[in-house]
Amino acid sequence: ASGLMCGLSGFVDPRCQLDEAALAGAARAMADTLLHRGPDDAGTWTDPAAGVALGHRRLSILDLSALGHQPMVSAPGRYVIAFNGEIYNFGDLRGELAARGHTFRGHSDTEVLLAAFEEWGLHRALRRCDGMFALAVWDRRERRLHLARDRMGEKPLFYGWAGEVFLFGSELKALRAHPAWRGEVDRDALTLFLRFNYVPAPRSIFRGVFKLLPGTVLSLEPAARGELPEPVPYWSAREQATRGAAEPFAGSDDAAADHLEVLLRDAVGRQMVADVPLGAFLSGGVDSSTVVALMQAQSERPVRTFTIGFQEAGFNEAEHAREVARHLGTEHTELYVTPREAMEVIPSLPTMYDEPFADSSQIPTYLVSRLAREHVTVSLSGDGGDELFGGYNRYFHAPRIWSKIGWLPQGVRTVAARALTSVGPDAWDRAAGAAARWVRRGSPPARVGEKVRKLADVLAAGDPQAVYTTLVSSWAYPEEVVIGGNEPNTLLGAAGEWPRLGSFPERMMYLDALTYLPDDILAKVDRAAMAVSLETRVPMLDPHVVEFAWRLPLAMKVRGGTGKWLLRQVLYRHVPPRLIDRPKMGFGVPVGEWLRGPLRPWAEELLSQRRLREQGFFDPVPVQALWRDHLAGQRDGQFGLWGVLMFGAWLEEGAAEAAECAA
């Protein structure tokens, strides 16, 4: 594909008061905030009669020539596009369109996309595209702007009205660069942020500014002023999940593994096409090892692989990654980072993420991206495997616990929960360590105190849905923390909008795939990698793989207390089980310990009663209580505190920016 890991931006000003130079200047200022997303080329396109301007920054991956320049106008002249992403099947589409009489000047997927719109119309063309993308298309004939986003939400797109101007862009910083921008923190979105540690789509942290939902198109009518049309799906995850449950895969285990391997191999093969150096992140876990194994199986030379290591036990996966890399014969690069090097990333996080984002694995994700970018321009990752194939511990722990406790009266469960939390997490960790030494079983399981706290929260829940919400929440009662904040309903609370899926774990996987995956995991990887101008690709989210995953019976995902059963069967054909089979670790950093140690002065300042009162967003009482308990080892407050800290740091960054503008 033309490989346009890029930044797009633009606006529609229906008042049409600006001349071409003013439109282009504003569009360029918006696009230039996205320089990191596209350092290789820049362009603007304007239509003063319609008050439209498109801006683009380009990171060239394929068709590195000027023929890939954007914004690009379709051959007949009807459509103008600013495109960020990759269409992996563009070669097939190009062949089909050429047979129908379309001619092409260059070799970019952007040009193929424009021809597809001319031939099939927007929605039908998007349904035929296999890729990751965000795009803005101006239809010159209908005088209509269309915004679209890929099926699973790999690439970001924000939009909203700023007074009488409609703004859009790959990141919020592009919208903030327009002269009409007036950003006001949405306290309801902030309440959701405290619960999940990310702002769930379609909201953003700013009132009136939204994230386009994955798999949808938003079409702005020429006469629209201040009104936001509803995004229309061109692909529905709910429909796919429902159909998968209604028509489950009926073959044997071996047949399922064979089919999955073919689908994954094809997806990986398509995503290895690039005219620039390409590699992969390798943690040594199931997902990244599967992607790398299937890359190496199709590559004549060793694949470049990258991993980050930590000295802290319980957080270091580098040794496992090294063994997998050695077995597969990859050209492996690992970098051990000190806590200091990891913490040096923290001041840049507010700008990198643009809105409060508090998944602390953002730190190692940035570090591994920076390491990879020293050697390659594109990196494949294993994201999506957990949600599609049943990898998270909650998929087997939650149903098992509920089956054992659900029959108990709520009062009894609440008392048991209180008893568990009366002992601090540090004490549980010490007890586990002592027990491990006593039975001479080597190192104790990691982060026992944290797991006990989760168990207590689950015990107190009223139904399976509440169990799931508890497991994915950082603050159980965020409305009590955010001043003037109400918690709006989201997909997680709207049971009527869920597909009919047989079991509790399948419902959790579906909800994770629509919420946690795009809004946390994919956002984390996109911003961290794009901050260093690295393109990331996610083969597990190939539409054929996603649709097949939803057809798999639960027993092919979770079996014998182990997740990702079928994915493991594919991996074991390439890597022996002994290199893979171990408890799931997650890609984390010891934020809890750092907050008690080297990060304490920074946190102390941001969490101080004075600072919280000045800012006026959080009630200092519950925040200070959690901070005291965390410092004393009474509670593991790292998730709740990290959210408050990331919002505070983001707010400070915005205040600094406002002061600069005033100066």
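Rules of the game
- Residues numbered from 1 in each chain as written.
- Predicted model: local features only at pLDDT ≥ 70, side-chain atom pairs only at ≥ 80, totals over all residues.
- Heavy atoms only, no water.
- Pairing = 2+ DSSP bridges.
- Helix = DSSP H or I, 4+ residues; strand = E, 2+ residues; numbered from the N terminus.
- Axes fitted to C-alpha atoms, helices over the stretch in contact; angles between N-to-C directions.
- Contact = heavy atoms within 4.5 Å.
- Phe/Tyr/Trp six-rings, centres within 6.5 Å; stacked < 30°, edge-to-face > 60°.
- Buried < 20%, exposed > 50% of the residue type's maximum accessible area, 1.4 Å probe, protein only.
- Lys NZ or Arg CZ within 6 Å of the ring centre and 35° of its normal.
- Core = buried A, V, L, I, M, F, W, Y, C linked by side-chain atoms within 4.5 Å.
- Salt bridge = Lys/Arg side-chain N within 4 Å of Asp/Glu carboxyl O.
- Parallel < 35°, antiparallel > 145°, perpendicular 65-115°, else oblique.
- Left-handed = near helix turned anticlockwise from the far one by under 90°.
- Nonpolar A, V, L, I, M, F, W, Y, C, P; charged D, E, K, R; others polar.
- Polar contact = N/O pair within 3.5 Å; in protein donor to acceptor, adjacent residues only side chain to side chain.
- Expected span 1.5 Å × (residues − 1).
- Right-handed = clockwise from strand over helix to strand, strands pointing away.

Student: Looking at this structure, I do not really get the sheet that holds strand β1 (residues 7-12). What am I missing?
Tutor: As a general point, the strands of a sheet are linked pairwise by backbone hydrogen bonds and lie either parallel or antiparallel. The 6 strands lie next to each other as β2-β3-β1-β9-β8-β10, forming an open sheet whose pairing is antiparallel. Where the open sheet ends on each side, the last strands, each with one partner, are β2 (41-47) and β10 (209-211). If you compare each strand with its neighbour and ignore which way they point, the axes differ by 10° on average. Against the sheet, helix α1 (residues 20-32) contacts β1, β2, β3 (52-58) and β9 (165-169), and its axis sits at roughly 35° relative to β3.

Student: Please clarify how the environment of Trp 475 should be interpreted in this entry.
Tutor: Its place among the elements puts Trp 475 in the loop between α19 (464-471) and α20 (504-514). Spatially, the C-alpha atom of Trp 475 lies 31 Å from that of Trp 181, the residues being 294 residues apart in sequence. What Trp 475 contacts, discounting residues up to four positions off in sequence, is Leu 194, Arg 195, Val 481, Pro 622, Val 623, Leu 626, Gly 640 and Val 644.

Student: What is the right way to look at unusual backbone geometry in this model?
Tutor: The phi angle of most residues is negative, glycine excepted, and most peptide bonds adopt the trans form. Here the bond from Gln 70 into Pro 71 is cis, since omega is -10°, no more than 30 degrees from zero. With respect to the helices, strands and loops of the structure, Pro 71 is situated in the loop between β3 and β4 (72-73). Across the junction of Ala 201 and Pro 202, the peptide omega takes the value 10°, indicating a cis bond. One can find Pro 202 in the loop between α6 (187-196) and β10. One non-glycine residue, Ser 533, adopts positive backbone phi at about 60°.

Student: I would appreciate a short explanation of the packing of aromatic side chains in the present structure.
Tutor: Taken as a whole, this structure holds 18 aromatic pairs when the rule is applied. Between the aromatic rings of Trp 181 and Phe 206, the centroid separation amounts to 4.9 Å while the plane-to-plane angle is 90°, which identifies the pairing as edge-to-face. Here the residue Trp 181 occupies a position in the loop between α5 (172-176) and α6, and Phe 206 occupies one in the loop between α6 and β10, the gap between them amounting to 25 residues. Here Trp 181 matches Phe 206 in class, with each residue buried. Of the aromatic side chains, those joined through ring pairs into one cluster are Trp 181, Phe 206, Phe 617, Phe 618, Phe 647 and Trp 650. The positively charged end of Arg 394 is found above the aromatic ring belonging to Tyr 516, 5.5 Å away from the centroid. One residue, Arg 559, lies across the ring of Trp 565, its end atom 3.7 Å from the ring centre.

Student: What should I look at first to understand the nonpolar core in this one?
Tutor: Within soluble globular proteins, side chains that are nonpolar tend to cluster in buried spots. In this structure, Phe 117, Leu 135, Ile 363, Phe 618, Trp 642 and Phe 647 are the most contacted members of the largest nonpolar core, which totals 184 residues. It is helix α28 (residues 638-662) that provides the largest number of residues to this core, a total of 9 residues. Beyond its immediate stretch of four places on either side in the chain, Ile 363 contacts Ala 342, Val 345, Ile 346, Leu 349, Val 589, Trp 594 and Trp 642. Membership of the second largest hydrophobic core comes to 22 residues, among which are Leu 54, Trp 138, Leu 147 and Leu 157.

Student: Would you mind going over the pattern of salt bridges with me for this structure?
Tutor: Between side chains of opposite charge, a pair can form when the charged atoms approach closely. Inspection of the entire model under this criterion finds 42 salt bridges. One salt bridge connects Arg 635 with Asp 629, and the closest N-O pair in it is separated by 3.1 Å. In this structure, a network of salt bridges that share partners links the residues Arg 37, Lys 155, Glu 171, Lys 173, Asp 354, Asp 526 and Arg 527.

Student: In this structure, what is going on with the packing of helix α15 (residues 394-405) against α19? I would like to understand it.
Tutor: Packed helix pairs are characterised by how far apart their axes lie and by the angle those axes make with each other. Two elements in contact, α15 and α19, have axes whose closest approach is 10 Å; the angle formed by their N-to-C orientations is 140°. Taken together, α15 and α19 sit at an angle that is classed as oblique. Helix-helix and strand crossings are classified by hand; for α15 and α19 the assignment is right-handed. Contacts between α15 and α19 involve Arg 394, Ala 398 and Trp 402 on the former and, on the latter, Pro 464, Val 467, Tyr 468 and Leu 471. Grouping the constituent residues of the contact of α15 with α19 by class yields 6 nonpolar, no polar and 1 charged.

Student: Is there a simple way to think about the packing of helix α2 (residues 90-99) against helix α3 (residues 109-120) in this case?
Tutor: Contact geometry for α2 and α3: axes closest at 10 Å, N-to-C directions at 50°. Classified by the angle their axes make, α2 and α3 are oblique. Seen along the crossing, α2 lies across α3 with a hand that is left-handed. In this structure, α2 uses Phe 90, Leu 93, Arg 94, Glu 96 and Leu 97 to contact α3, whose residues at the interface are Asp 109, Val 112, Ala 115, Ala 116, Glu 119 and Trp 120. Here the contact of α2 with α3 is composed, by residue class, of 7 nonpolar, no polar and 4 charged.

Student: Any chance you could explain the environment of Val 112 here in plain terms?
Tutor: Structurally, Val 112 is set in helix α3. Residue Val 112 is classed as buried on the basis of its relative accessible area of 1%. Residues in contact with Val 112, not counting those within four places in the same chain, are Phe 90, Leu 93, Arg 94, Leu 97 and Phe 104.

Student: Can you help me understand the side chain of Thr 305 in this one?
Tutor: Within the secondary structure layout, Thr 305 lies in strand β14 (residues 304-310). Thr 305 sits in the buried class, given a relative accessible area of 0%. Polar contacts involving the side chain of Thr 305 include one to the side chain of Thr 330, which spans 2.8 Å. Leave out the neighbours within four places in its chain, and Thr 305 touches Ala 280, Leu 282, Val 292, Ala 325, Thr 330, Glu 331, His 332 and Thr 333.

Student: What is the right way to read the sheet that holds strand β12 (residues 232-233) from this model?
Tutor: Pairing in this open sheet of 6 strands is antiparallel, and the strands run β4-β5-β6-β7-β11-β12 from one edge to the other. The open sheet terminates on both sides in strands that have one partner only, identified here as β4 and β12. Across 2 bridges, β4 lies against strand β5 (residues 79-87) in antiparallel orientation. Note on β5: the bridge partner recorded for Val 73 is Val 80. Contacts from α3 reach β4, β5 and β6 (131-139) within the one sheet, and its direction differs from that of β5 by about 125°.

Student: Hey, could you run me through the environment of Gly 588 in this one?
Tutor: One can find Gly 588 in the loop between α23 (565-571) and α24 (591-596). Once residues within four sequence positions are removed from consideration, Gly 588 is found in contact with Phe 310, Phe 315 and Pro 364.

Student: Would you explain α3 in this entry?
Tutor: Residues spaced three or four apart along an α-helix point in a common direction, a consequence of the helix completing one turn every 3.6 residues. With 12 residues, α3 extends 16 Å from end C-alpha to end C-alpha; this agrees with the ideal 16 Å at 1.5 Å per step. Counting buried residues along α3, 10 of its 12 residues qualify, which places the element largely inside the surrounding structure. For α3, the complete set of buried residues consists of Asp 109, Thr 110, Glu 111, Val 112, Leu 113, Leu 114, Ala 115, Ala 116, Phe 117 and Trp 120. Phi turns positive one or two residues past the end of α3, at Gly 121, with a value near 85°.

Student: Could you clarify how one ought to interpret the pairing of β14 in this entry?
Tutor: Residues in a regular strand point their side chains to alternate faces of the sheet. β14 sits mainly inside the fold: 7 of its 7 residues count as buried. Taking every second residue as pointing to the same face, both faces of β14 are buried, with Arg 304, Phe 306, Ile 308 and Phe 310 on one and Thr 305, Thr 307 and Gly 309 on the other. Strand direction decides the pairing type here: strand β13 (residues 278-281) and β14, joined by 3 bridges, are parallel. Bridging across to β14, Ala 280 finds its partner in Thr 305. Viewed along the sheet, the connection from β13 through helix α9 (residues 286-296) into β14 turns out right-handed. Pairing of β14 with strand β15 (residues 331-337), which is carried by 7 bridges, proceeds in the parallel orientation. The residue of β15 that forms the bridge with Phe 310 is Val 337.

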